[in-house]
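The residues making up each chain are set out below.
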Amino acid sequence: MTGTGGRARYLWLGGLVAICLGLLALAAWQLVVLERQMRIAATENMIWVFGQTQIEALNLALALSDEAAPQQIQTRFDILVSRLTLLEDGPQRRFLENAGVSETLARWRSGLLALDPAQGADPAALRAHVTALVAALRTKASLVMSHEWQSQATRLDSLRHLHLLALMSVLGAAVAGLGLVAILIDRERRLMSGQLDHLRAEKLASDLERERETAENHRRFADLIAHQFRTPLAVIDSAMHRLTRRSGGPVPPELISEKAAVSREAVARLVKLTDTALMMSRLERDAVLPSLRAHDLNDLVSSVIDDLMATAWDRDPARIRQSVQTEPTVALCDPMLTAEILSNLLRNALLYSPPDCRVDVSVFQSRDCIVCRIEDRGRGMSPEEIECAFDRFYRGSGHETLPGSGLGLTLARDLARIQGGDVTLTQRDGGGLTAALYLPKDDVA
Amino acid sequence: MRLRYTAQTALMTALVFMAVPVAAEDVLLTLTGAVTDGRVEMTRADFDTMDWHEFSTSTSVTDGRPEFRGVLMRDVLAHAGAEGSSVRATALNDYVVDIPVEDFHRFDVLAALYMDDVPLTPRDKGPVWIVYPRDNHGVLADIRYDMRWVWQLVALHVQ
């Protein structure tokens, strides 16, 4: 159906182009013919030529009647003969033949030559002949005139006819051209709407894909929340249970403070999880606007370590070794977001390495960055695992039972990037993992 | 009938020749105006001292392409020491037309004395016929140039 329609359209198009070009060629040819016919031919001047002959006949008649000098009469005679000779020549003769006056003129000329004064002819006979010639010419002049105007009018008719034909050809070509334009515009419109449909379909597909991704993220997030909330809640429940189960005597204050600490840490973990989820959600909505200022990264690291130690009762402050820093390490960053990143990286280092192993933290300058490096002595990660480590909801193999959202590293990297920095993971020489935070140097410092 | 016509033509031609014997001392062309001493008369002898040229061309008043022989118009003007931009040509019958001198330099315009080896006489288009090389230049096939083919030329006034 479409193929037949397409072929028909092409036939239409080709036909219109052929008609258009054909008509234009016809018009051009007619104009060329017109141009050729527009010249004035000398034979169209016959009224004048014939008039001159009449005048010369009269001049000779005058010279004869005035009895002028023989030389003058001879000259006038010669000129009149030349006029009659001219009328005998090809183009003039044909014109006069058409006008129906040729035959008689030839007779007048031979009659005149027979009376040549140079041959001593009788002047009286010559005068009579010329007088009769003048009268004959007078009657023929009107025939010449009407024939000339007749032929002029016929020629103009034919020119007008040609002109009209050329005009009609051009108009026809214009109509065919309009048809062509209409077809081309229609095709263009079809093409455009086809492209629009295609674009719309692509957009729909990409919207659908994004929607699917979001739905998948939500589902995984719900799973995660359910799973990760369960453990701290179980811890709190167990602590409360211990405190209320005791029936014999009052609860010793040591037990209360111990269970309170355990419960608070569980709550802290829940809060942390909620904060992370909120932050991710804000990041996804592009609602996080970093306020970048100059801050010493070393100081930030120290305060984050202090906070970490304060919120977890069982953490050993000696595990974290912060190397002493002498050079300035002023970075251009948002302190809240940077603290969040550092806290995530440090928690990971503490969580994924044995409790008796050291975690080294150092802050230093590279060529155009301030770098904070956190090295643990845990199991480390294979290159393949490092590659996936920043994926959302990714949990290292064997760590599924440890608390964690699978969002920490993703969040850390996203937060670093919106500040113009980055987070990387590399294998540490001698085992373990090195996490590094890069932040832009403060140019003023 | 045809025989009679041919005999008639022969007779006429003979009469023409007898009627106008051209003597070497007869003045054919008179130049006036901006020429040497204001007036130069040219006889057949003067023409004979100049370079002669010939060519065939169609004309607006004859059939075929007759061959014309004569001298170049620019040579005639040079012979008379003419200094001007235009000549007023006058024919025996007082036909008068102005011709720009430029024409004679752009084209090889002939002051023809012979057509098809027959001398031009006042009974035909003589003594002198101004002939343009009409077939060599498309622009010359035009009534504006046809008007300048003066026959029976007798005088040129240079201005």
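Just so it is clear, the model here is predicted, and its values are computed rather than measured. (Residues numbered from 1 in each chain as written. Chains lettered and ligands numbered in written order. Predicted model: local features only at pLDDT ≥ 70, side-chain atom pairs only at ≥ 80, totals over all residues. Heavy atoms only, no water.)

1. Concerning the sheet that holds strand E1 (residues 27-33) of chain B
Residue and element names in this part refer to chain B. Sheet architecture is open: 5 strands sit in the order E2-E1-E10-E5-E6, paired in mixed fashion. On the outer flanks of this sheet lie strand E2 (39-43) and strand E6 (96-100), each paired with one strand and no other. Between one strand and the next, the sheet's axes are offset by a mean angle of 20°, whatever the strand orientation. Alignment of strand E5 (residues 86-91) against strand E10 (residues 153-158), held across 5 bridges, turns out to be antiparallel. Of the residues in E10, the one forming a bridge with Thr 90 is Ala 155. (Pairing = 2+ DSSP bridges. Helix = DSSP H or I, 4+ residues; strand = E, 2+ residues; numbered from the N terminus. Axes fitted to C-alpha atoms, helices over the stretch in contact; angles between N-to-C directions.)

2. Remarks on the environment of A:Pro335
Residue and element names in this part refer to chain A. Tracing the sequence through the fold places Pro 335 in helix H9 (residues 335-351). Placed 38 residues apart in sequence, Pro 335 and Leu 297 show a C-alpha to C-alpha distance of 8.8 Å. When residues no more than four places from it in sequence are discounted, the contact partners of Pro 335 are Ser 291, His 295 and Leu 300. (Contact = heavy atoms within 4.5 Å.)

3. Side note on helix H7 (residues 253-284) of chain A
Here H7(A) contains 32 residues, and its C-alpha end-to-end distance of 46 Å stays within 8% of the 46 Å for a straight helix at 1.5 Å per residue. Burial in H7(A) covers these residues: A:Leu255, A:Lys259, A:Ser263, A:Ala266, A:Leu270, A:Lys272, A:Leu273, A:Thr276, A:Ala277, A:Met279, A:Met280 and A:Leu283. (Expected span 1.5 Å × (residues − 1). Buried < 20%, exposed > 50% of the residue type's maximum accessible area, 1.4 Å probe, protein only.)

4. Quick look at the pattern of salt bridges
Residue and element names in this part refer to chain A. All told, the structure shown has 30 salt bridges over all chains when counted by the stated rule. Residues Arg 76 and Glu 56 are paired through a salt bridge, measuring 3.1 Å at the closest nitrogen-oxygen approach. Residue Arg 76 is located in helix H3 (residues 70-88), and its partner Glu 56 is located in helix H2 (residues 46-65); the two are separated by 20 residues in the primary sequence. Considered together, Arg 76 and Glu 56 belong to a single accessibility category, that of buried residues. In this structure, the salt-bridge partner of Asp 186 is Arg 190, at a minimum N-O distance of 3.0 Å. (Salt bridge = Lys/Arg side-chain N within 4 Å of Asp/Glu carboxyl O.)

5. So, the confidence of the model for chain B
Residue and element names in this part refer to chain B. Scored by pLDDT, chain B comes out at a mean of 85, with 84% of its residues at no less than 70. The low-confidence segment residues 1-21 (pLDDT under 50) makes 20 contacts with residues lying over four places distant or belonging to another chain. In the predicted assembly, ipTM is 0.80 and pTM is 0.54. (pLDDT = per-residue confidence, 0-100.)

6. Remarks on the nonpolar core
Ranked by internal contacts, the top residues of the largest apolar core, which has 77 residues, are B:Leu31 and B:Tyr132. Counting residues per element, this core draws most heavily on H2(A), which supplies 8 residues. Discounting residues that sit within four places of it in the chain, B:Tyr132 has contacts with B:Phe55, B:Thr57, B:Ile99, B:Asp103, B:Phe104, B:Phe107, B:Val109, B:Leu140, B:Tyr145, B:Arg148 and B:Trp149. Of all hydrophobic cores here, the second largest spans 45 residues; its members include A:Leu297, A:Leu350, A:Ile374 and A:Leu437. (Core = buried A, V, L, I, M, F, W, Y, C linked by side-chain atoms within 4.5 Å.)

7. Quick look at the interface of chain A and chain B
Between chain A and chain B, the residue contacts involve 29 residues of the former and 25 residues of the latter. Between chain A and chain B, a total of about 2,100 Å² is buried, with carbon and sulfur atoms accounting for 52% of that surface. Counting across the chain A and chain B interface gives 4 salt bridges. Two residues, A:Asp116 and B:Arg123, come together in a salt bridge whose shortest N-O distance is 2.6 Å. Applying the counting rule to chain A against chain B returns 8 residue pairs in polar contact (both at pLDDT 80 or more). Within the residue set of the side of chain A that touches chain B, elements represented by two or more residues are H2, H3, helix H4 (90-99) and helix H5 (102-113) of chain A. The leading source of residues in the side of chain A that touches chain B is H3(A), at 12 residues. (Buried area = accessible area lost by both parts, 1.4 Å probe. Polar contact = N/O pair within 3.5 Å; in protein donor to acceptor, adjacent residues only side chain to side chain.)

8. Considerations on the pairing of strand E4 (residues 67-72) of chain B
One face of the sheet, then the other: side chains in a regular strand alternate in exactly this way. Residues and elements named next belong to chain B. With 4 bridges connecting them, strand E3 (residues 53-56) and E4 associate as antiparallel partners. Residue pairing across strands places His 53 opposite Gly 70, the latter belonging to E4. Bridge analysis of E4 against strand E7 (residues 110-115) gives 5 bridges, and the strand direction is antiparallel. When the sheet's bridge partners are listed, Phe 68 is paired in E7 with Met 115.

9. Description of the packing of aromatic side chains
Any two aromatic rings considered together are summarised by their centre-to-centre distance and by the angle between their planes. All names here are of chain B. As enumerated under the stated definition, the model contains 8 aromatic pairs over all chains in all. Here Phe 107 and Tyr 145 contribute two aromatic rings whose centre-to-centre distance is 6.1 Å and whose plane-to-plane angle is 90°, an arrangement assigned as edge-to-face. Residue Phe 107 is located in the loop between helix H4 (102-106) and E7, and its partner Tyr 145 is located in helix H5 (residues 143-146); the two are separated by 38 residues in the primary sequence. Each of the two residues, Phe 107 as well as Tyr 145, counts as buried. Here a set of aromatic residues connected by ring pairs shows up, and it is made of Phe 68, Phe 107, Trp 129, Tyr 132, Tyr 145, Trp 149 and Trp 151. A cation sits over an aromatic face here: Arg 69 above Tyr 114, 4.4 Å from the ring centre. Arg 148 extends its terminal NZ or CZ atom over the ring of Tyr 145, reaching a point 4.8 Å from the ring centre. (Phe/Tyr/Trp six-rings, centres within 6.5 Å; stacked < 30°, edge-to-face > 60°. Lys NZ or Arg CZ within 6 Å of the ring centre and 35° of its normal.)

10. Observations regarding the packing of H5(A) against helix H6 (residues 123-245) of chain A
Residue and element names in this part refer to chain A. Between H5 and H6, whose axes approach to 11 Å, the crossing angle comes to 160°. By the criterion of interaxial angle, the relationship of H5 to H6 is roughly antiparallel. In this structure, H5 meets H6 at a crossing whose hand is left-handed. Contacts between H5 and H6 involve Thr 104, Leu 105, Trp 108, Gly 111 and Leu 112 from the first element and Leu 126, His 129, Val 130, Ala 132, Leu 133, Ala 136, Leu 137 and Lys 140 from the second. (Parallel < 35°, antiparallel > 145°, perpendicular 65-115°, else oblique. Left-handed = near helix turned anticlockwise from the far one by under 90°.)

11. Quick word on unusual backbone geometry
For the bond from B:Gly126 to B:Pro127, the omega torsion is 5°, close enough to zero to count as cis. Take B:Pro127: it is sitting in the loop between strand E8 (118-119) and strand E9 (129-131). Phi is positive for A:Glu67, which is not a glycine, with a value near 50°. Along the chain, the position of A:Glu67 falls in the loop between H2 and H3. Relative accessible area serves as the criterion here: at 65%, A:Glu67 is assigned to the exposed category. Backbone geometry at B:Asp116 places phi at a positive 50°, although glycine is not the residue there. Among the secondary structure elements, B:Asp116 is positioned in the loop between E7 and E8. Look at B:Asp116 and you get partly exposed, because its relative accessible area is 45%.

12. So, the sheet that holds strand E7 (residues 433-440) of chain A
Residues and elements named next belong to chain A. Spatially, E2-E4-E5-E7-E6 is the arrangement adopted by the 5 strands of the open sheet, whose pairing is mixed. Each edge of the open sheet is held by one strand with a lone partner, namely strand E2 (320-322) and strand E6 (422-427). Between one strand axis and the next, the sheet turns through 20° on average, direction left out of account. Pairing geometry for E6 and E7, over 6 bridges, is antiparallel. Counterpart to Gln 427 in the pairing with E7 is Leu 433.

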